[in-house]
Amino acid sequence: NAGVTQTPKFQVLKTGQSMTLQCAQDMNHNSMYWYRQDPGMGLRLIYYSASEGTTDKGEVPNGYNVSRLNKREFSLRLESAAPSQTSVYFCASSEANPLGPQHFGDGTRLSIL
Amino acid sequence: GQQVMQIPQYQHVQEGEDFTTYCNSSTTLSNIQWYKQRPGGHPVFLIQLVKSGEVKKQKRLTFQFGEAKKNSSLHITATQTTDVGTYFCAGGDYKYIFGTGTRLKVLA
């Protein structure tokens, strides 16, 4: 059972470079989420998608864009990476109505030099 | 905006001692979830509470949802080394806001 799959697992970027983090779920969930977790901190919501075709900003959306490509896939793009975006990024999915347990991927550890 | 705070931030206990973490929201919650994250891992869902005053148990873990649905607690009886990790609460309606987490260290 794959659950939520994130790629890549690790990435090092230089300031100003762009990249896309990929996330796919095989549980037929409507809702998907992107979080960032900084060392010793909780999870902060970047963007979420309540259903296919919709996306909304979370707590910390600046510097990021998202695409809900289809029901399975939800990608996160950094257009011009900054050192402040060094973090661990988690993707999650859940049933939408009612809002159910979130299933997380293994995370992407991103370092920006 | 909605804020969810947890106390304490850190807790070190001797193996066999009890442990409690508290979650407090600035607004009334429709429901609350609890997650555990092991060091280097991802959050794993533990339980969801929906009703005012609800109490649920999972073996040594007891979860409570406050009467006013603005606070919750997780109590672990007789901690074991396998309980090590960070415990998060998360509350919300159409999206969840995570609490700041409580990092538990169990000393053998």
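Residues numbered from 1 in each chain as written. Chains lettered and ligands numbered in written order. Predicted model: local features only at pLDDT ≥ 70, side-chain atom pairs only at ≥ 80, totals over all residues. Heavy atoms only, no water.

S.K.: So what exactly am I meant to see when it comes to the overall build of chain A here?
M.R.: Scanning chain A from N- to C-terminus turns up zero helices and eleven strands. Counting helices and strands in the order they occur from the N terminus, chain A gives β-β-β-β-β-β-β-β-β-β-β. Its C-alpha radius of gyration of 13 Å places chain A within 12% of the 13 Å reference for a compact globule of 113 residues. Across its three principal axes, chain A shows a C-alpha extent of roughly 40 × 25 × 25 Å. (Helix = DSSP H or I, 4+ residues; strand = E, 2+ residues; numbered from the N terminus. Rg over C-alpha atoms; globule rule 2.2 N^0.38 Å.)

S.K.: What's the story with the interface of chain B and chain A in this structure? I'm lost.
M.R.: Size of an interface, as often reported, equals the accessible area lost when the parts are brought together. The partner chain A presents 19 residues to the 19 residues of chain B that form the contact. In total, about 1,600 Å² of surface goes out of reach between chain B and chain A, with carbon and sulfur atoms giving 57% of it. The largest per-residue losses of area from chain B upon contact with chain A belong to B:His42, B:Tyr96 and B:Phe98, which jointly make up 30% of the total buried on that side. At the surface where chain B touches chain A, the tally comes to five residue pairs in polar contact (both at pLDDT 80 or more). Elements represented by at least two residues in the side of chain B that touches chain A include exactly strand S4 (31–37), strand S5 (44–49) and strand S10 (96–98) of chain B. A class-by-class count of the residues in the side of chain B that touches chain A yields eight nonpolar, eight polar and three charged. (Contact = heavy atoms within 4.5 Å. Buried area = accessible area lost by both parts, 1.4 Å probe. Polar contact = N/O pair within 3.5 Å; in protein donor to acceptor, adjacent residues only side chain to side chain. Nonpolar A, V, L, I, M, F, W, Y, C, P; charged D, E, K, R; others polar.)

S.K.: Just checking my understanding: could you explain the side chain of B:Thr20 for this structure?
M.R.: All names here are of chain B. In this fold, Thr20 is placed in strand S3 (residues 19–25). One polar contact links Thr20 to His75, side chain to side chain, over a distance of 2.7 Å. Residues within four places of Thr20 in sequence aside, it is in contact with Pro8, Ser73, Leu74 and His75.

S.K.: Help me out: how do you make sense of the state of the cysteines in this one?
M.R.: Put plainly, two cysteines are in a disulfide when a covalent bond ties their sulfur atoms together. Residues and elements named next belong to chain A. Under the counting rule described, the total for this entry stands at two disulfides over all chains. A sulfur-sulfur distance of 1.9 Å marks the disulfide that ties Cys23 to Cys91. For the disulfide bridge between Cys23 and Cys91, the dihedral angle about the S-S bond is near -75 degrees, and by the sign convention the bridge is left-handed. Of this pair, Cys23 sits in strand S3 (residues 19–25) while Cys91 sits in strand S9 (residues 87–94), and the two are 68 residues apart along the sequence. (Disulfide = S-S within 2.5 Å.)

S.K.: Would you mind showing me how to read the sheet that holds strand S8 (residues 74–78) of chain A here?
M.R.: To summarise the sheet geometry, strands pair through backbone hydrogen bonds and adopt either a parallel or an antiparallel arrangement. Residues and elements named next belong to chain A. Taken in spatial order, the four strands of this open sheet run S1-S3-S8-S7, and their pairing is antiparallel. In this open sheet, the two edge strands, each paired with only one partner strand, are strand S1 (4–7) and strand S7 (64–68). Going across the sheet, the axis of each strand differs from the next one's by a mean of 15 degrees, ignoring polarity. The pairing of S3 with S8 spans three bridges and is antiparallel. Of the residues in S8, the one forming a bridge with Met19 is Leu78. (Pairing = 2+ DSSP bridges. Axes fitted to C-alpha atoms, helices over the stretch in contact; angles between N-to-C directions.)

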